[in-house]
Each structure stands twice: as structure tokens, then as C-alpha cells.
Amino acid sequence: MQADFRPPQRRTRVREQYEGPLPVSQSPEDTVQFRAEIINQHVLVCDPEHMDRIHSQGYFGKGILSRARPDHSISDQWQHYEGLFLPVVSQSRYDELLRWAGESLSAQGLDEQAVSQTLLTLSQPLEMEDVRREVEGDDPGRGAGVSPPDADQEQNSCSGSDVDAHQDPDPISDQDSESVPDPDQSHSVPAPGFVLVVPDSEAREDTLVVRRTPVSLTEYLQLSLEEAFFLVYSLGCLSVYLHQEPLSVIRLWEEFRSLRHDFVTSFAAYHHFRSRGWVPKGGSGAKYGVDFLLYRKGPPFYHASYSVVVERADDAFRGTGLRRFSWRSLSALSRITANVSKELMMCYIIYPADLSQAELDSPVCLSRLKVQEVIVSRWVSSRERAEQDDI
């Protein structure tokens with residue numbers, strides 16, 4: 001039966017300009033070496049410039065607080081209020097942020113009275129004259145917990161060994177009270193560390209209140225293990241650190257294999273599709289029960305064309321797969337894939353019979369693996385009868 005390949009479906013609204021994928025520089029002087037950290041089994045990029053370039057030029061990773069591009073803000077709505085541009089949050093959302101701050105302070109060992117006093121201080125309404133003085137830097141003594149950390153503080157916090165990629169944001173500590181960063185370096189310019197709180201009911205101009213931000217939301221770019229190793233091994237534009245020490249390619253390969261038992265098979269499939277111009281995304285595939293979704297150019301421009309299931313096999317296509325499919329489960333997966341306008345692809349990573357365990361300790365073993373793609377389509381009897389009638 002001849003395969004029927006459908007062209008990628010372009011998105012109706014494209015809000016981004018396509019950039020060439022990494023690496024794009026031809027001269028060694030212009031080459032930028034990006035940096036990432038392994039923190040609690042997650043690979044995080046903390047430098048804002050590195051985050052933007054890695055994601056924009058190839059769509060690697062996702063923001064830990066965002067669905068895709070790492071551009072999370074404390075609010076999606078901003079408003080000019082008495083000469084300042086402020087993020088707008090509802091009273092219920094502000095109460096939720098205060099609860100997060102209180103839980104984090106309690107986890108740090110503060111007693112209930114100290115937590116209550118800290119939250120009461122943070123949530124006091126502010127006069128606009130005081131806000132302007134703090135924004136302009138004329139009154140640093142009153143800037144207790146005003147703004148998010150600057151770039152250097154973000155780098156140090158990302159490098160710490162006790163940071164979790166999915167933990168709740170920390171409340172602004174008293175240690176930051178003596179320093180007010182340059183507003184030009186803040187994500188909330190021109191009024192960093194402040195929010196405009198509106199009541200949950202219909203807002204009126206006389207009910208708007210300016211308060212301090214109770215938590216500092218710091219966005220990082222989280223790379224999958226396959227994405228991180230591809231940037232290190234295949235493109236050579238990323239250095240990954242563990243406990244402030246850079247990891248060699250072999251050491252990183254061993255580290256990732258210890259974190260994922262199927263990393264060799266998964267990375268072989270990822271490398272295969274990347275080298276053919278696709279953008280594989282693993283996190284999105286979990287919604288449809290597959291390992292990867294394949295995009296042309298990137299998710300902002302096209303819908304995914306293929307849902308990929310990665311399987312391990314030997315030369316004779318024997319062996320225990322990563323999944324145990326029954327006819328019923330395979331039919332269900334095929335039906336789900338067809339309902340979302342994608343094609344189901346089985347990607348078999350074929351291991352030669354004489355491949356030893358010692359060879360798997362080095363990424364050189366990738367050259368001995370073979371890849372076989374199989375498109376799975378659902379047979380529809382009515383369509384088959386119609387085609388026979390036409391003949």
C-alpha cells in the first residue's frame with residue numbers, strides 16, 4: 001500500500017519572525033557558548049540572553065512558568081496608572097500570591113507571627129509619590145522587597161543546588177531590602193516590584209490600589225535531556241554544569257543515561273529527526289500518548305505533522321519494546337492521532353546484535369544504530385469499497 005503524505009498545516013495566525021537555527025555564525029569570534037545547569041535532575045538555562053537565543057533559534061526547551069517561550073510575567077494585563085506602567089492583578093490573585101509567600105516563609109522556619117507581620121508589611125497600600133521615589137532610586141531605604149533580583153542574582157539562584165525547577169516562587173527576603181536594582185534591568189519596567197490590584201467585581205478608578213509584589217517570579221528555560229545533549233554534542237554551542245563544574249561530553253552522556261534508562265534510544269530518534277530539519281518536541285507529545293511531535297520550522301508556524309512513538313528493536317525486529325502495544329491500544333492511539341489531524345509514526349531504533357554494553361558508554365555508539373520509520377494509518381472499510389467502485 002502506498003503511503004499518502006500530507007503537507008504540514010500552517011497556523012492561521014503567526015506572530016513571530018522565523019530566525020535561522022543554531023549555529024548561524026561562520027566565524028569563531030562571533031560564536032556564543034551558552035551555559036546550562038543540572039539542578040534536581042533538570043537542565044536549566046538561566047541567562048536571559050541565552051534563553052532567548054536558544055529558544056528563538058531552533059525552539060529548544062520551554063519556560064518553566066510558560067507554555068513555550070520563556071516570557072512569563074506576573075500578569076498578562078498592564079495599565080498606565082498616574083504616570084507609571086503597572087501589571088494588573090485581581091484581589092483574589094493577589095491573595096493567592098500572598099498565600100504562596102506565606103507558605104514559602106513558613107518552610108524557611110519562620111514562626112506564624114513573623115510570617116503574618118511580613119505579609120502585612122508587603123500588602124500595605126502605597127502612595128504613588130513613594131512608588132515614584134523608589135522607581136527613580138531616590139529612596140532606597142523604603143524599597144523592602146521591591147523588585148525581582150537582577151541578572152547576577154538570577155544566575156546565582158539558578159546555580160544553587162537547592163533550587164527546584166517546579167518549586168513555588170520565593171517571597172522577597174529582607175536581604176534584598178537594602179538594594180534597589182536599576183529599573184532598566186528589571187522585567188517590570190518602569191515600576192518593578194509593584195502591582196495594581198483591582199477588586200474582583202467591576203473595577204472603578206477610585207478602587208485601584210498599588211501594592212508591592214509579594215513574590216519574585218523568575219523565569220528559566222528548561223531543556224529536555226535530548227535537547228541539551230544535542231546542543232552539546234551535535235552543535236557544540238552549550239556547556240552544561242553540575243555543582244559549578246563543567247561536564248565533558250562523556251560525563252554528560254553518563255549522567256543522562258543514569259537519569260533515563262531509555263536515553264540512548266530516545267536521543268537517537270531525536271537526533272535523527274533534528275538532522276532532517278524537523279523540530280521534535282517531547283513535552284507536547286504527552287498529551288497524545290506519544291514520545292515526540294514533529295513540527296516544520298517550529299510550533300509558532302505550523303501544527304505538528306507527526307506523532308512519533310519510539311521503539312527499540314534488534315536486527316530482526318525482535319525484542320521487548322519500550323511499550324507493550326495491543327491491537328486495541330494501537331487502534332486507540334491511531335484514532336486519537338487522526339482526530340487531531342496528525343499522522344502516527346513508529347520510529348524503530350535498531351541495535352546491532354554485536355553491540356556491547358561497553359560501547360553504549362560513549363555517544364560514539366550512535367553511529368552503529370539504525371532508524372526505521374513506519375507510518376501507521378487506520379484502514380477504513382467504507383473508503384476502501386468506494387475506491388474499488390471507482391476502479
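Residues numbered from 1 in each chain as written. Predicted model: local features only at pLDDT ≥ 70, side-chain atom pairs only at ≥ 80, totals over all residues. Heavy atoms only, no water.

Participant: Just checking my understanding: could you explain helix α7 (residues 249–259) for this structure?
Facilitator: Working note: α-helix, 3.6 residues per turn, so residues spaced by three or four point in the same direction. Those residues of α7 lying buried are L252, W253, E255 and F256. Relative to the axis of α7, the buried residues are bounded by an arc of 165° and lie together on one face. For α7, the elements touching its buried residues are β1 (34–39), β2 (42–45), α6 (225–234), β9 (238–242) and α8 (263–274). (Buried < 20%, exposed > 50% of the residue type's maximum accessible area, 1.4 Å probe, protein only. Helix = DSSP H or I, 4+ residues; strand = E, 2+ residues; numbered from the N terminus. Arc of directions from axis to C-beta. Contact = heavy atoms within 4.5 Å.)

Participant: Can you walk me through the nonpolar core in this structure?
Facilitator: Nonpolar side chains tend toward joint burial in soluble globular proteins. If you look at the biggest cluster of nonpolar residues, it comprises 46 residues, and the most contacted ones within it are I54, L223, L238, F256 and V308. A total of 7 residues in this core trace back to one element, the largest contributor, which is α8. Judged by nonpolar contacts, the second largest core, of 14 residues, contains Y59, V279, V290 and M346. (Core = buried A, V, L, I, M, F, W, Y, C linked by side-chain atoms within 4.5 Å.)

Participant: I would appreciate a short explanation of the pattern of salt bridges in the present structure.
Facilitator: Once the charged atoms of two side chains with opposite charge are near each other, the side chains can pair. Following the criterion strictly, the structure yields 14 salt bridges and no others. In this structure, R69 and D52 form a salt bridge, with 3.5 Å as the shortest nitrogen-oxygen distance. One end of the pair, R69, is in the loop between β3 (62–63) and β4 (78–81); the other, D52, is in helix α1 (residues 48–56), with 17 residues separating them in the sequence. Overall, D52 belongs to the partly exposed group, its relative accessible area being 41%. (Salt bridge = Lys/Arg side-chain N within 4 Å of Asp/Glu carboxyl O.)

Participant: What is the right way to read the sheet that holds strand β12 (residues 292–296) from this model?
Facilitator: Remark on secondary structure: sheet strands pair via backbone hydrogen bonds, oriented parallel or antiparallel. The 5 strands are arranged β11-β12-β13-β14-β15 in an open sheet whose pairing can be described as mixed. Sheet topology places β11 (278–281) and β15 (370–376) at the edges, where each strand pairs with a single neighbour. If you compare each strand with its neighbour and ignore which way they point, the axes differ by 35° on average. For strand β14 (residues 343–351) and β15, the ladder comprises 7 bridges, and the chain directions are antiparallel. When the sheet's bridge partners are listed, C347 is paired in β15 with E373. On top of the sheet, helix α10 (residues 327–339) reaches β13 (306–314) and β14; it is set at about 130° to β14, its chief contact. (Pairing = 2+ DSSP bridges. Axes fitted to C-alpha atoms, helices over the stretch in contact; angles between N-to-C directions.)

Participant: So what exactly am I meant to see when it comes to the environment of S248 here?
Facilitator: Tracing the backbone shows S248 in the loop between β10 (245–246) and α7. The spacing of S248 and V232 is 16 residues in sequence and 9.3 Å in space, taken between C-alpha atoms. At 3.2 Å, the side chain of S248 and the backbone nitrogen of R251 are in polar contact. (Polar contact = N/O pair within 3.5 Å; in protein donor to acceptor, adjacent residues only side chain to side chain.)

Participant: It is not clear to me how the packing of α7 against α8 should be interpreted in this structure. Could you clarify?
Facilitator: When two helices pack together, their arrangement is given by the angle between their axes and by how far apart the axes lie. The contact between α7 and α8 brings their axes to 9 Å, and the two run at 115°. By the criterion of interaxial angle, the relationship of α7 to α8 is roughly perpendicular. Along its contact with α7, which presents W253, F256 and R257, the element α8 presents F263, V264 and F267. Per-class residue counts for the contact of α7 with α8 are 5 nonpolar, no polar and 1 charged. (Parallel < 35°, antiparallel > 145°, perpendicular 65-115°, else oblique. Nonpolar A, V, L, I, M, F, W, Y, C, P; charged D, E, K, R; others polar.)

Participant: Even after reading the chapter, I still don't get the environment of Q41, so can you show me in this structure?
Facilitator: Relative to the helices and strands, Q41 is located in the loop between β1 and β2. Each C-alpha atom of the pair Q41 and F256 lies 8.9 Å from the other, and the pair is 215 residues apart in sequence.

Participant: Can you help me understand the sheet that holds strand β7 (residues 209–212) in this one?
Facilitator: Read from one edge to the other, the open sheet built from 4 strands follows the order β4-β5-β6-β7, with strand pairing classed as mixed. Strand pairing shows two members of the sheet lacking a second neighbour, β4 and β7, which therefore form its edges. Averaged over all neighbouring strand pairs, the angle between strand axes comes to 50°, with direction disregarded. As paired strands, strand β5 (residues 84–90) and strand β6 (residues 194–198) are joined by 3 bridges and run parallel to one another. Across the sheet, residue V88 finds its bridge partner in β6, namely L196.

Participant: It is not clear to me how the confidence of the model for the protein should be interpreted in this structure. Could you clarify?
Facilitator: Keep in mind that low pLDDT regions are not for reading the predicted coordinates in detail. Taken as a whole, the protein shows an average pLDDT of 79; of its residues, 78% reach a score of 70 or greater. When pLDDT is averaged over each helix and strand of the protein, the minimum, 46, is found for helix α5 (residues 151–159) and the maximum, 96, for α6. Within the model, pLDDT remains below 50 along residues 138–157, and this stretch shows 50 contacts once partners closer than five positions in the same chain are excluded. Segment residues 159–191 is flagged for pLDDT under 50; beyond a separation of four residues in sequence, or across chains, it makes 72 contacts in the model. (pLDDT = per-residue confidence, 0-100.)

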